[in-house]
Amino acid sequence: MISDRRYFLKFLGLSLLATQLTATKKLSLRVASAISPQPILKPPRLKIGDTVAVVSPATMIYKHQLKYINLVLGQQKLKVKVAPHVLDRYGYLAGKDIDRAADINAMFADDEVKALVTTTGGWGSSRILPLLDYDLIRKNPKIIIGYSDITALLLAIYARTGLVTFHGPFGTSTWNKFSVGYLKDILFAGKAMTLQPPTNIVKTITSGKARGRLIGGNLSVLTAMVGSNFLPDWGGKILFVEEIREDVYRVDRMLTHLSLAGILQQLEGFVFARCTRCLDEEDDFPTLTLWQVLLDIIRPLGIPAWYGTAIGHIRDKFTVPLGVEVEIDASRGTIKMLESAVV
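The paragraphs below set out a description of the structure included in this document.

So, how was this worked out
Residues numbered from 1 in each chain as written. Predicted model: local features only at pLDDT ≥ 70, side-chain atom pairs only at ≥ 80, totals over all residues. Heavy atoms only, no water. Helix = DSSP H or I, 4+ residues; strand = E, 2+ residues; numbered from the N terminus. Expected span 1.5 Å × (residues − 1). Buried < 20%, exposed > 50% of the residue type's maximum accessible area, 1.4 Å probe, protein only. Arc of directions from axis to C-beta. Contact = heavy atoms within 4.5 Å. Axes fitted to C-alpha atoms, helices over the stretch in contact; angles between N-to-C directions. Parallel < 35°, antiparallel > 145°, perpendicular 65-115°, else oblique. Left-handed = near helix turned anticlockwise from the far one by under 90°. Nonpolar A, V, L, I, M, F, W, Y, C, P; charged D, E, K, R; others polar. Disulfide = S-S within 2.5 Å. Pairing = 2+ DSSP bridges.

As for helix α3 (residues 63-75)
Phase 1: If you check α3, its first and last C-alpha atoms are 19 Å apart, about what 13 residues at 1.5 Å a residue would give, namely 18 Å.
Phase 2: Turning to α3, its buried residues are Q65, L66, I69, V72 and L73. In a view along the axis of α3, the buried residues occupy a sector of 125°, so they form one face of it. Relative to its buried face, α3 has exposed residues pointing more than 90 degrees away, namely K63, H64 and K67.
Phase 3: Buried positions along α3 lie against β1 (51-55), β2 (79-82) and β3 (113-118).
Phase 4: Just past α3, the residue K77 takes up positive phi, approximately 65°.

Structure representation (structure tokens):
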């Protein structure tokens, strides 16, 4: 499955480390030693007839997938501009790092383009973070949307520019009535929505309400970025995470890492949106349940927290703005936007 990062992280970790070390050495002068909080910057809303760019920051895609993307974006009455390297291939990546980054920089610089829609996840977004022109992006604020491995892009752009980014459908996602409805309400109409999942999937860890700026994404991608210069300040934030096809002990390890790094202790609230098909590999081997792990690690924080909402590797998904002020209710499982995410 294209969006399954575990395969890549398991078998390609050593080559990735070598690549990242080389890139870091060459580009160290361009990377700030620390990130100062940026003023919040909202992109212009989308309108019918606008041109949106299709970009491939991570795993390669096929021509039939690009045809599908053109179809679903056309159904939203949007014009499509395909970035030059969208169909490139370099192993499992959609072309060389420098070319994938160049596409994103070029589409932010293009006055005709009003939003960037990513094709898919998989792996590769983190490799291009040092190659992005954050000053250019700050001067040309636009919507950028995706999830899974695209988490790295969303977090880095928000951290370095203050631009509100959007955790939502890829071009290759299922563009059904539920997902499109929330996308249009938030990106086109500019509504401050309340994201409320079916009550039967909400499991409250710690009840209560909290306010803060919403931030988050895929758990394994986020955790792998800890220690880099591409994550935001965590003070006063509401963190949401989601995951797919991870054993419980791996989720335990990742959440523990966030705790050891001091990230969880800075939060005002926490949401584990969904862990899709997260089971232990050996049925006869002793294991904790995911719920036990959440109680062990999250409940002692004493902040409003729950499990279960329509975010992540699922068909029906919210479009979630990163960086806006929200109020959460851990008993009801709601995320209430206190402001529009676009202007």
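Topic: the packing of helix α9 (residues 248-260) against helix α10 (residues 290-297)
Phase 1: Orientation of α9 relative to α10, taken along the N-to-C sense of each, is 15°, at an axis distance of 9 Å. Judged by the angle between their axes, α9 and α10 are roughly parallel. When you trace α9 past α10, the crossing you get is right-handed. In contact with V248, V251, D252, L255 and T256 of α9, α10 contributes L290, V293, L294 and I297.
Phase 2: Within the contact of α9 with α10, the residues separate by chemical class into seven nonpolar, one polar and one charged.

So, the state of the cysteines
Phase 1: Counted under the stated rule, the structure contains one disulfide.
Phase 2: Disulfide pairing places C275 opposite C278 at an S-S distance of 2.1 Å. Classification of the bridge connecting C275 and C278 rests on its S-S torsion, roughly -85°, and on that basis the disulfide is left-handed. With respect to class, C275 is no different from C278; both count as buried.

Re the sheet that holds β1
Phase 1: Read from one edge to the other, the open sheet built from six strands follows the order β2-β1-β3-β4-β5-β12, with strand pairing classed as mixed. Since the sheet does not close on itself, it has two edges, and those belong to β2 and β12 (320-322), each with one partner. The mean angle between the axes of side-by-side strands here comes to 30°, regardless of whether they run parallel or antiparallel.

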